[in-house]
Amino acid sequence: MGRAARGGAIRRPARRRAPQLQAICEVVAAGSFRTAAQRLGYTPSAVSQQISTVERALGVQLFERSPRSVRPTPAGLQLARRAGRLLADLTATENEMRAYAAAERGRLRLGSFWSAGFRLVPTVLTGFLRDRPEVEVRYEEGDPQVTVPAVLEGRLDLAVIFEYGVVPHNWPEGLEHTLVLEEPLHLLLPATHPLAGRPHLRLAELRDERWISYHEDTDAARCLRHICAAGGFLPEVLFRTNDYNLPYELVRQGLGVAIAPELAVVDAPSASKAPGTRLARLTDPSHTRRVYATRRTTDPNPFLPQALDLLHAAAAALPERDERECGTVTG
């Protein structure tokens, strides 16, 4: 019975032993109960009782007591050394938790698809590095079919995702979506194409074109099929890739036409800066792509509001395209 009681006492949480550990360290350092008690703000008898309680619990004498002094035993010296390290760890842990509670420290795990990662995410990363250097920010690139499950499973705190107007999604429950921007879709034409100089085009005029698109199982490919179907034809796709830069380069080389969202046209804020290509904006209101910031509804991460603010700031700072240099495409 005595051994079980002692073993049970040893397994108590460390925080309940902290005053006793402090008393042991102070008595070893001071060499007397009275001086240690003064430093701790206790009475000498209270300090003596705390140490006696530990001795009974551990079954070992920690101090040799005499009328004029207190001398630690080898066990007392060893316990004082370990107690000092434990108390330092407890103090550091308390300070870390206070920093987390005050949103001074912590971690933000961010994911995004490629073009938003190129155009929006750097503002978030630099903003945290500037304003919250103690926060650990991690970034992973991936399309929504990768990043949305990662958010649900807690592997990401925030994902920047997209949804084409003609390819809506039923996202899983437990997610909160914040609209960051709604971007237009553009027809990309070679600069030498007969239709490139026209201010207005109709989709039906593109039925005989060679098309450049993404892999068939992607939302971008599904979007292209929907758009072309609205013009009364199915696109003949000769080139498929998941490299976001390649369609633009293939168009520039005159190998076909393509449709790309605004964020993906990374090096053509105006036609004059994009030799070899011309843009024409699709005017149907459903021919857009919405960009969302997605998080778990129950995620308590205190850095999410700032991340959302930075994403909106990045979206607002995007250069506006000069519509006078772009044609339009109607159904």
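This section reports on the structure supplied with the text. (Residues numbered from 1 in each chain as written. Predicted model: local features only at pLDDT ≥ 70, side-chain atom pairs only at ≥ 80, totals over all residues. Heavy atoms only, no water.)

Let us now look at the overall build of the protein. Helix and strand counts for the protein stand at 11 helices and 13 strands. Per-residue burial over the protein gives 44% buried out of 331 residues. Looking at the protein alone, contacts between residues at least 24 apart form 76% of all its contacts between residues at least 6 apart. Taken as a whole, the protein presents about 17600 Å² of accessible surface, with 51% of it coming from carbon and sulfur. (Helix = DSSP H or I, 4+ residues; strand = E, 2+ residues; numbered from the N terminus. Buried < 20%, exposed > 50% of the residue type's maximum accessible area, 1.4 Å probe, protein only. Contact = heavy atoms within 4.5 Å. Areas by Shrake-Rupley, 256 points an atom, 1.4 Å probe, with all protein chains shown as cover.)

Locating Ser32 in the fold gives a position in the loop between helix H2 (14-30) and helix H3 (33-40). A distance of 3.0 Å separates a polar atom in the side chain of Ser32 from a polar atom in the side chain of Thr35. For Ser32, the residues in contact, after removing those within four places along its chain, are Val27 and Val70. (Polar contact = N/O pair within 3.5 Å; in protein donor to acceptor, adjacent residues only side chain to side chain.)

For the rest of this paragraph, the subject is the packing of aromatic side chains. Centre distance and the angle of the planes are the two values used to describe a pair of aromatic rings. One pass over the full model with this rule turns up 4 aromatic pairs. Their ring planes at 85° and their centres at 6.2 Å tell us that Phe128 and Phe303 sit as a pair that is edge-to-face. Here Phe303 lies in the loop between strand E12 (288-296) and helix H11 (304-316) and Phe128 lies in helix H7 (residues 121-131), a separation of 175 residues in the sequence. The class of Phe303 is buried, set by a relative accessible area of 1%. On the basis of an interplanar angle of 75° and a centroid distance of 5.6 Å, the ring pair of Phe162 and Tyr164 is categorised as edge-to-face. We classify Tyr164 as buried; its relative accessible area is 5%. Three or more aromatic residues joined by ring pairs form one cluster here, namely Phe113, Phe162 and Tyr164. In this structure, Arg289 is placed above the aromatic ring of Phe162, and the distance from its NZ or CZ to the ring centre is 4.9 Å. (Phe/Tyr/Trp six-rings, centres within 6.5 Å; stacked < 30°, edge-to-face > 60°. Lys NZ or Arg CZ within 6 Å of the ring centre and 35° of its normal.)

In this structure, Leu120, Leu187 and Trp211 are the most contacted members of the largest nonpolar core, which totals 51 residues. It is H11 that contributes the most residues to this core, 7 residues altogether. (Core = buried A, V, L, I, M, F, W, Y, C linked by side-chain atoms within 4.5 Å.)

Before going further, it helps to examine empty space enclosed by the protein. One pass over the structure, following the stated rule, counts 3 cavities of 30 Å³ or more. Its boundaries defined by the atoms lining it, the largest cavity holds a volume of some 100 Å³. What lines the largest cavity is simply Tyr164, Ile212, Ser213, Tyr214, Ala220, Cys223, Leu224, Pro247, Ala258, Ile259, Ala260 and Pro261. Breaking the lining of the largest cavity down by element, the ones donating at least two residues are strand E8 (210-213), helix H9 (219-230) and strand E10 (258-261). A per-element tally of the lining of the largest cavity places E10 first, with 4 residues. A per-class count over the lining of the largest cavity returns 11 nonpolar, 1 polar and no charged. In this structure, the second largest cavity spans a volume of roughly 60 Å³. If you go around the second largest cavity, the residues you meet are Leu188, Tyr214, Tyr244, Pro247, Tyr248, Ala258, Ile259, Ala260, Ala264 and Val265. In terms of residue count, E10 provides more of the lining of the second largest cavity than any other element does, 3 residues in total. The residue makeup of the lining of the second largest cavity, split by class, is 10 nonpolar, no polar and no charged. (1 Å grid on protein atoms, 1.4 Å probe; cavity = no way out; pocket = protein on both sides within 12 Å on 5 of 7 lines; lining within 4 Å. Points joined across faces, edges and corners; volume = space filled by probe spheres on them. Nonpolar A, V, L, I, M, F, W, Y, C, P; charged D, E, K, R; others polar.)

What follows covers the pairing of strand E6 (residues 175-190). The side chains of a regular strand alternate between both faces of the sheet. Bridge analysis of E6 against E12 gives 9 bridges, and the strand direction is antiparallel. Residue pairing across strands places Thr178 opposite Ala293, the latter belonging to E12. Bridge analysis of E6 against E10 gives 4 bridges, and the strand direction is antiparallel. What sits directly across from Leu188, in E10, is Ala258. (Pairing = 2+ DSSP bridges.)

What follows is about the environment of Ala46. Tracing the backbone shows Ala46 in helix H4 (residues 44-58). The class of Ala46 is partly exposed, set by a relative accessible area of 25%. In this structure the C-alpha to C-alpha distance between Ala46 and Phe33, which are 13 residues apart in sequence, comes to 9.2 Å.

Look at H9: 17 Å from first C-alpha to last across 12 residues, which is about the 16 Å you get at 1.5 Å a residue. Among the residues of H9, Asp219, Ala220, Ala221, Cys223, Leu224, Ile227 and Cys228 are the ones counted as buried. Summarising the contacts, the buried residues of H9 are in contact with strand E5 (158-164), E6, E8, strand E9 (236-240), E10 and strand E11 (277-282). (Expected span 1.5 Å × (residues − 1).)

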